[in-house]
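Now for the letters of each chain:
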Amino acid sequence: MKNKILLASALLISSYSAQSLAEDLKDQYVSDWWHQSINVVGSYHTRFGPQLNNDVYLEYEAFARKDWFDFYGYVDVPKFFGVGNGNDNGIWDKKVGSPLFMEIEPRFSIDKLTGTDLSIGPIKEWYFANNYIYDMGPNNANRQNTWYMGLGTDVNTYTPLNLSLNVYAKYQWQNYGAANENQWDGYRFKVKYFLPLGDMWGGKVSYIGFTNFDWGSDLADNGNTSRSNNSIASSHILALNYAHWHYSLVARYFHNGGQWEDGTGLNFGKGDFTVKSTGWGYYAVIGYSF
């Protein structure tokens, strides 16, 4: 299997703080409900694959919340600026690079679609939740196509902290030629949280985070010691938002990132190396909302 590193969004914008700004200045945006931005993202030591990866890439990001529809998503153009380390492949690397990486998270309110109040205690609303990931690599060994589907909720914490929970089953189509393709393979529990921290330098400062817990996969079965049946990715974001410009610093912790077993030995034809899929990666982001 060729070494393929996934690229992921730094989750720059919080749909809470940016939406608050958008309500005040909605006449300055293309849409008053479809909130979007263009971002430049620099990543360092991300661990979605077996080797550390650095990249600078272009990103389109959008979020929306209207009636029964809740949405977050982004499209990345990997290595758009031609900057990255030796493990990094992107749009200009025709034989192995990906011209596009996409992740969307549409949720559909069961309460609003059925006209029924299904709230229970602190659970405010229920959703049919989805998390779809697609990497447009040039061939099957460089391509991913994954759909998570399940239930989601919004939780009333009775504090300024906003919290949502989602649990999914995963259907895995293409996965860079891995053994778990074209089958149901495991589960994901996603926690998303947002906490406003106040005003600074004329903008709004917030802490944003999300954690993905993946478990129950069969990828490491049958003696595949370099892969793992579980993984964790936990992002912690400090964001500064203005009406149009926004800035973020992100620290993301990986445990067996990309379901690669940390500390095992591999060789992809360029010499032996040790898998480094557990540890911290970092992002810096600057973007413009329109």
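Residues numbered from 1 in each chain as written. Predicted model: local features only at pLDDT ≥ 70, side-chain atom pairs only at ≥ 80, totals over all residues. Heavy atoms only, no water.

**Considerations on the side chain of Gln 174**
In step 1: Structurally, Gln 174 can be placed in strand E8 (residues 162-175).
In step 2: Among all residues touching Gln 174, those that are not within four sequence positions of it are Asn 140, Arg 143, Gln 144, Asn 145, Thr 146 and Glu 181. (Helix = DSSP H or I, 4+ residues; strand = E, 2+ residues; numbered from the N terminus. Contact = heavy atoms within 4.5 Å.)

**Re the packing of aromatic side chains**
In step 1: Within the structure shown, the criterion is met by 24 aromatic pairs.
In step 2: Judged by centre distance (5.9 Å) and plane angle (35°), the rings of Phe 69 and Phe 108 are tilted. Residue Phe 69 is located in strand E3 (residues 69-77), and its partner Phe 108 is located in strand E5 (residues 107-109); the two are separated by 39 residues in the primary sequence.
In step 3: Overall, the relative accessible area of 26% leaves Phe 108 in the partly exposed class.
In step 4: Geometrically, the ring pair formed by Tyr 242 and Tyr 247 is edge-to-face, given 6.4 Å between the ring centres and 80° between the ring planes.
In step 5: Judged by relative accessible area, which is 25%, Tyr 242 ranks as partly exposed.
In step 6: Judged by relative accessible area, Tyr 247 falls into the partly exposed class, the value being 33%.
In step 7: Taken together, Trp 33, Trp 34, Trp 68, Phe 69, Phe 71, Phe 108 and Phe 128 form an aromatic cluster joined through their ring pairs.
In step 8: We note Arg 107 situated over the ring of Tyr 127; from NZ or CZ to the ring centre the distance is 3.8 Å. (Phe/Tyr/Trp six-rings, centres within 6.5 Å; stacked < 30°, edge-to-face > 60°. Buried < 20%, exposed > 50% of the residue type's maximum accessible area, 1.4 Å probe, protein only. Lys NZ or Arg CZ within 6 Å of the ring centre and 35° of its normal.)

**What about the confidence of the model for the chain?**
In step 1: Averaged over every residue, the pLDDT of the chain is 90; residues scoring 70 or more account for 91%.
In step 2: Considering only residues more than four positions removed or in separate chains, one finds that residues 1-21, a stretch of pLDDT under 50, has 98 contacts. (pLDDT = per-residue confidence, 0-100.)

**So, unusual backbone geometry**
In step 1: The phi dihedral of Asp 67 falls on the positive side, at around 55°, and the residue is not glycine.
In step 2: Relative to the assigned elements, Asp 67 resides in the loop between strand E2 (53-66) and E3.
In step 3: Classification of Asp 67 by relative accessible area gives exposed; the value is 58%.
In step 4: Of note, Asn 182 is a non-glycine position whose phi angle comes to about 60°, a positive value.
In step 5: The topology assignment puts Asn 182 in the loop between E8 and strand E9 (183-200).
In step 6: Asn 182 gets classed as exposed once you look at its relative accessible area, which sits at 53%.

**What to know about a nonpolar patch on the surface**
In step 1: Among the surface-exposed residues, Val 40, Phe 80, Phe 81, Val 83, Trp 92, Trp 245, Tyr 247, Ile 286 and Tyr 288 lie close enough to one another that they form a single nonpolar patch of about 800 Å² accessible area.
In step 2: Those elements that provide at least two residues to the nonpolar patch are strand E12 (245-255) and strand E15 (279-289).
In step 3: With respect to the element layout, Tyr 288 can be found in strand E15.
In step 4: Among the residues examined, Tyr 288 registers a relative accessible area of 34% and is labelled partly exposed. (Patch = residues over 30% accessible without salt bridge, like charges linked within 9 Å, V, L, I, M, F, W, Y side chains within 5 Å. Areas by Shrake-Rupley, 256 points an atom, 1.4 Å probe, with all protein chains shown as cover. Salt bridge = Lys/Arg side-chain N within 4 Å of Asp/Glu carboxyl O.)

**So, the nonpolar core**
In step 1: In this structure, Val 41, Phe 48, Tyr 57, Phe 194, Ile 208, Ala 233, Ile 237, Ala 239, Val 250, Phe 254, Tyr 283 and Val 285 together form the largest nonpolar core, which totals 12 residues.
In step 2: Every element with two or more residues in this core is listed here: strand E11 (231-241), E12 and E15.
In step 3: Of the residues forming this core, the biggest block, three residues, is contributed by E11.
In step 4: Counting residues in hydrophobic clusters, the runner-up holds eight residues, among them Phe 63, Ala 129, Ile 133 and Tyr 148. (Core = buried A, V, L, I, M, F, W, Y, C linked by side-chain atoms within 4.5 Å.)

**Considerations on the pairing of E9**
In step 1: Pairing between E8 and E9: 10 bridges, direction antiparallel. Bridge assignment links Ser 164 to a residue of E9, and that residue is Lys 192.
In step 2: Bridge count between E9 and strand E10 (residues 203-215): 13 bridges; the pairing is antiparallel. Paired with Tyr 193 across the two strands is Gly 209, which belongs to E10.
In step 3: Counted along the chain from E9 to the antiparallel partner E10, the turn is two residues long, and its residue Trp 201 has a positive phi close to 55°. (Pairing = 2+ DSSP bridges.)

**A word on the environment of Pro 138**
In step 1: Looking at the element boundaries, Pro 138 is found in the loop between strand E6 (123-135) and strand E7 (144-156).
In step 2: Residue class for Pro 138 comes out partly exposed when judged on its relative accessible area of 37%.
In step 3: In this view, Pro 138 contacts Lys 94, Lys 95, Val 96, Gly 97 and Arg 143; residues no more than four positions away in its chain are not counted.

**Brief notes about the pattern of salt bridges**
In step 1: Within the structure shown, the criterion is met by 12 salt bridges.
In step 2: Between Arg 107 and Asp 70 there is a salt bridge, with its nearest N and O atoms 3.1 Å apart. One end of the pair, Arg 107, is in strand E5; the other, Asp 70, is in strand E3, with 37 residues separating them in the sequence.
In step 3: The residue Lys 190 makes a salt bridge to Glu 105 at a minimum N-O spacing of 3.6 Å. Placement of Lys 190 in strand E9 and of Glu 105 in the loop between strand E4 (101-104) and E5 is noted, with a sequence separation of 85 residues between them. The same class applies to Lys 190 as to Glu 105, namely buried.
In step 4: Among the charged side chains, a network of salt bridges with common partners joins Arg 65, Asp 70, Arg 107, Lys 112, Glu 125 and Asp 154.

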